[in-house]
Amino acid sequence: METEPSVPRRATRRDFLGSAAALAAASAMAPHLGARPAAAEERIAPARKKTIGIQVGAVSFADEGVERVLDTLQERGAVNTLFLTTFTYGRGLAGRQIPGHPFPDHGAQESDEAFFHGGNYATPHPRFYEGTVLKQTRAPDHGALDILEAVLPAARKRGLQVFCSCEDQWRSTVPGVDQVLEIDLYGRKASTLCLLHPDVRAFWTALVTDYCTSYAVDGVLFFNERNGPLLNALGASHFQSIASSRVTCFCEHHQRAAREQGIDFERAREGYRRLDELVKASLEGKRPSDGHFVEFLRHLVEYPEVLAWDKLFDRGKHQVLAEVRAAVKKARADLEVGFHIEHVNSFNPIFRATRRYDDLAEKADFLKVVVYNNCGGERYVRFIDNLASTLFRDVPKEELLRFMSHLLGYEEKGYGELPASGLSPEYVRRETKRALAGAKGKCKVFPGIDIGIPTGKASRKASPEDTHAAVRAALEAGADGLIFSRKYSEMRLANLSAAGRAVREVGG
Ligand SMILES: [Zn+2]
């Protein structure tokens, strides 16, 4: 099977129902393959050594048909596990190719901007959502399509595992969101949801309980890429904007949690307001007499509440992870829970210092560790650009990158070359080994492999050769499995085939 013919239109609901009806008929003949929870012994247990997973969204099945997509993933990518995007309002995991980037050589060849919305791509069953204001999240993108109902029977028949990918990405128009938004440093509503808000916590618990009770899935992969206020204030990530006056969360739930832990709210807020002034002055190039770095460090020494407030954010984030895990295990003890560990965990020594792999490993059955190498060059440079505008403004960027690479254990190219070259397969090997060493065998480690994540015009694009090399590097480093990322609808088929070839060579 080579390049598939393009489908230059949005697949209609009737096209989709044709294949869905055939699947329903097939599962009626073999009831144990249907969408009801099945006992473990009833499942077809394929012989597998490692999890070879792929992230895939509803739009691919709607555009290309369930059987055809599964054929492609298995034949080309040697995939045995689907990480099916069931909940997000974000385009990183759902929808077709991001607007402005070329379409891959499969699927519909036109933008979904007109109908992309996001939400829950399965069916929210109301009884689970009684404890939260976030009740109406059904994704309208594909009409009445329930992606789990559509894909599970076919996946089961093939012996594929199916995990629900759920991401903390919202849009402001969702009913109830307005009541649970974070509050920023100056008392304004933010666009993100407060992780200490009881309705938000209840929503995540409800969502994963619904999935794990209503459908015969194998578990959940939870995504939350949000940083705490300190890193956001400093712009210490690869995100492009530095928004020190927009940091969160200073809502009543955060104030109460702070009181319980003996953190002084007023001092924390004052600390972040002064940090905001410091960052703005740095961005304008106003050099303090002791230099930028010393001034920032002095600020942290004088306002330890700034660090404490950042840690409070992480506590909220990790509490949600723990509650998600507990809810999944309560629904069915044999299901697995994994967490996506974002790219900043690789680039940023401050972020690294705020968490431990072995601590995360105790909360999860597996960690999906981002080791995206192609887009990694561009992202690492962007991270350096941000740090070089604030904390390390006194250091030339090329030297800062070299210094940071020493701290991070990278042996990569220089500042000027990295966007075009990307990070190397050796980076994938090292970061996989670091994760395995950190997790200490307490959970499985699945590196997330970059297959065609969109980058800037002059930046590295995935090729079959480097995809092959990255997959080999991760498996040879001892990974327990892999997750091809970020979504099938942005991957070129030749790259997926190269990934599958490496899996078969190494013996996935
Ligand atoms: Zn809050």
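Residues numbered from 1 in each chain as written. Predicted model: local features only at pLDDT ≥ 70, side-chain atom pairs only at ≥ 80, totals over all residues.

Draft legend 1. The arrangement of the overall build of the chain in detail. A count of helices and strands for the chain gives 19 helices and 11 strands. For the chain, the C-alpha radius of gyration of 23 Å lies close to 23 Å, the compact-globule estimate for 508 residues. If you line up the chain on its principal axes, its C-alpha atoms span 75 × 50 × 45 Å. Within the chain, buried positions represent 53% of all 508 residues. Here the analysis covers contacts within the chain between residues at least 6 apart in sequence; of these, 81% occur between residues at least 24 apart. (Helix = DSSP H or I, 4+ residues; strand = E, 2+ residues; numbered from the N terminus. Rg over C-alpha atoms; globule rule 2.2 N^0.38 Å. Buried ≥ 20, exposed ≤ 12 C-beta atoms within 10 Å, placed from the backbone. Contact = placed C-beta atoms within 7 Å.)

Draft legend 2. Just the packing of helix H8 (residues 265-283) against helix H9 (residues 292-302), in detail. The geometry of H8 relative to H9 is characterised by a closest axis approach of 11 Å and an angle of 175 degrees between their N-to-C directions. In terms of axis orientation, H8 runs roughly antiparallel to H9. Residue-level inspection shows Arg274, Leu275, Leu278 and Ser282 of H8 in contact with H9, the latter providing His292, Glu295, Phe296 and His299. Within the contact of H8 with H9, the residues separate by chemical class into 3 nonpolar, 3 polar and 2 charged. (Axes fitted to C-alpha atoms, helices over the stretch in contact; angles between N-to-C directions. Parallel < 35°, antiparallel > 145°, perpendicular 65-115°, else oblique. Nonpolar A, V, L, I, M, F, W, Y, C, P; charged D, E, K, R; others polar.)

Draft legend 3. Here's a closer look at the pairing of strand S11 (residues 481-485). With 5 of its 5 residues buried, S11 lies for the most part within the structure. A two-sided burial pattern is seen for S11, the buried positions comprising Gly481, Ile483 and Ser485 on one face and Leu482 and Phe484 on the other. The pairing of strand S1 (residues 51-56) with S11 spans 4 bridges and is parallel. In the strand pairing of S11, Gly53 is matched with Ile483. In terms of strand pairing, strand S10 (residues 444-450) meets S11 through 3 bridges, oriented parallel. Considered in S11, the bridge of Asp450 is made with Ser485. Considered for its hand, the β-α-β crossover made up of S10, helix H18 (residues 464-476) and S11 is right-handed. (Pairing = 2+ DSSP bridges. Right-handed = clockwise from strand over helix to strand, strands pointing away.)

Draft legend 4. Region of the structure containing the domain arrangement of the chain. For the chain, the assigned domains are domain 1 (1-170) and domain 2 (369-508). Contact residues are listed per partner, giving 26 residues for domain 1 and 24 residues for domain 2. Mapped onto the side of domain 1 that touches domain 2, the elements with two or more residues apiece are S1, helix H2 (58-64) and helix H3 (66-77). By residue number, the principal contributor to the side of domain 1 that touches domain 2 is S1, which donates 6 residues. (Domains from an automatic or database assignment.)

Draft legend 5. Geometry of the environment of Gln74. Relative to the assigned elements, Gln74 resides in helix H3. Residue Gln74 is classed as partly exposed on the basis of its 17 C-beta neighbours within 10 Å. As a C-alpha pair, Gln74 and Arg274 span 200 residues in sequence and 54 Å in three-dimensional space. Residues within four places of Gln74 in sequence aside, it is in contact with Val79 and Arg158.

Draft legend 6. Expanded view of the packing of H8 against helix H10 (residues 304-331). Orientation of H8 relative to H10, taken along the N-to-C sense of each, is 100 degrees, at an axis distance of 8 Å. As the angle between them shows, H8 and H10 are arranged roughly perpendicular. Within the contact between the two elements, H8 uses Arg267, Ala268, Gly271, Tyr272 and Leu275 and H10 uses Glu305, Val306, Ala308 and Trp309. Looking at side-chain class alone, the contact of H8 with H10 contains 6 nonpolar, 1 polar and 2 charged residues.

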